[in-house]
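Each chain, written out:
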Amino acid sequence: MTTDEITDLLKEAYVDELETVMNYLTNAIVLDGIHAEEVKESLEADIQEELDHAQILGERLKQLDESPPGSEGFEANQHSLQPPEDTTDVQAVIEGVLEAEDDAIETYRSLHEAASEANDPVTEDVAVTILADEEAHHTEFRGFHKEFPQN
C-alpha cells in the first residue's frame, strides 16, 4: 500500500466521521416518544466522540503533510441514517446507526491493514484506537436493536 492509499482512507474516514456527527445530532433532535430517550442520549454522547475521531484523523493527515477535506470535498453517503419521516421510528435510526458503524468498522480495518503493510505504526495505532470505539458503539446499538419495539 502506498501513502496515497493511506491518506485516501484517512480522508474518507474524516468525512464519514463529520457526516456521522451531523446525522447523530439531527436524529437526537428530531426523535420523539418514550422509546426515543435512551437512543437520543446515546447519540448525544457519541457526537463528541465522533468529533474527536475527526480531529485525530485530521491531525494525522497534517502529520503526513496532507490537509483534511473541507465542505466542498463532502459527499453524503449515510442514506440510511437520515432522520425518519415518522419521528417515533426509533428502530429506523438504530438500523441506520448500525449500518454507519459497520461502514466505519470496515474503513478502520482497511486503514489498519494499509498502515501495517506500509510500516506506518502511528496510523495503525490511530486505526486501532478508533476501531475500538466504533465496535463499542456498534455493540451498544445492537443491544438497542434487540430490545426496542419493532415498528
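Look up: the structure comes first, before these words.
What counts and how
- Residues numbered from 1 in each chain as written.
- Predicted model: local features only at pLDDT ≥ 70, side-chain atom pairs only at ≥ 80, totals over all residues.
- Heavy atoms only, no water.
- Helix = DSSP H or I, 4+ residues; strand = E, 2+ residues; numbered from the N terminus.
- Buried < 20%, exposed > 50% of the residue type's maximum accessible area, 1.4 Å probe, protein only.
- Polar contact = N/O pair within 3.5 Å; in protein donor to acceptor, adjacent residues only side chain to side chain.
- Salt bridge = Lys/Arg side-chain N within 4 Å of Asp/Glu carboxyl O.
- Patch = residues over 30% accessible without salt bridge, like charges linked within 9 Å, V, L, I, M, F, W, Y side chains within 5 Å.
- Areas by Shrake-Rupley, 256 points an atom, 1.4 Å probe, with all protein chains shown as cover.
- Lys, Arg positive; Asp, Glu negative; His and termini not counted.
- Charge placed at Lys NZ, Arg CZ, Asp CG, Glu CD.

**Some points on the environment of Glu 19**
Then step 1. Inspection of the secondary structure assignment puts Glu 19 in helix α1 (residues 3–30).
Then step 2. Exposure remark for Glu 19: the relative accessible area of 2% places this residue in the buried category.
Then step 3. Along the primary structure Glu 19 and Ser 116 are separated by 97 residues, whereas in three dimensions their C-alpha atoms are 27 Å apart.
Then step 4. Polar contacts involving the side chain of Glu 19 include one to the main-chain amide nitrogen of Asn 77, which spans 2.8 Å.

**Overview of the pattern of salt bridges**
Then step 1. Scanning the entire structure with this criterion turns up four salt bridges.
Then step 2. The salt bridge involving Lys 11 is made with Glu 66; its shortest N-O contact spans 3.0 Å. Linking Lys 11 in helix α1 with Glu 66 in the loop between α2 (36–63) and α3 (90–117), this pair joins segments that are 55 residues apart in sequence.
Then step 3. On the accessibility criterion, Lys 11 (24% relative accessible area) is partly exposed.
Then step 4. The residue Glu 37 makes a salt bridge to Lys 40 at a minimum N-O spacing of 4.0 Å. Of this pair, Glu 37 and Lys 40 both sit in helix α2, separated by three residues, roughly a single helical turn.
Then step 5. Its relative accessible area of 14% is what places Lys 40 among the buried residues.

**Things to note about a negative patch on the surface**
Then step 1. A contiguous patch of negative charge, built from Asp 4, Glu 5, Asp 8, Glu 12, Glu 99, Asp 102, Asp 103, Glu 106, Glu 113 and Glu 117, is present on the exposed surface.
Then step 2. When residues of the negative patch are traced back to their parent elements, those giving at least two are α1 and α3.
Then step 3. Ranked by residues supplied to the negative patch, first place goes to α3 with six residues.
Then step 4. Look at Glu 99 and you get partly exposed, because its relative accessible area is 41%.

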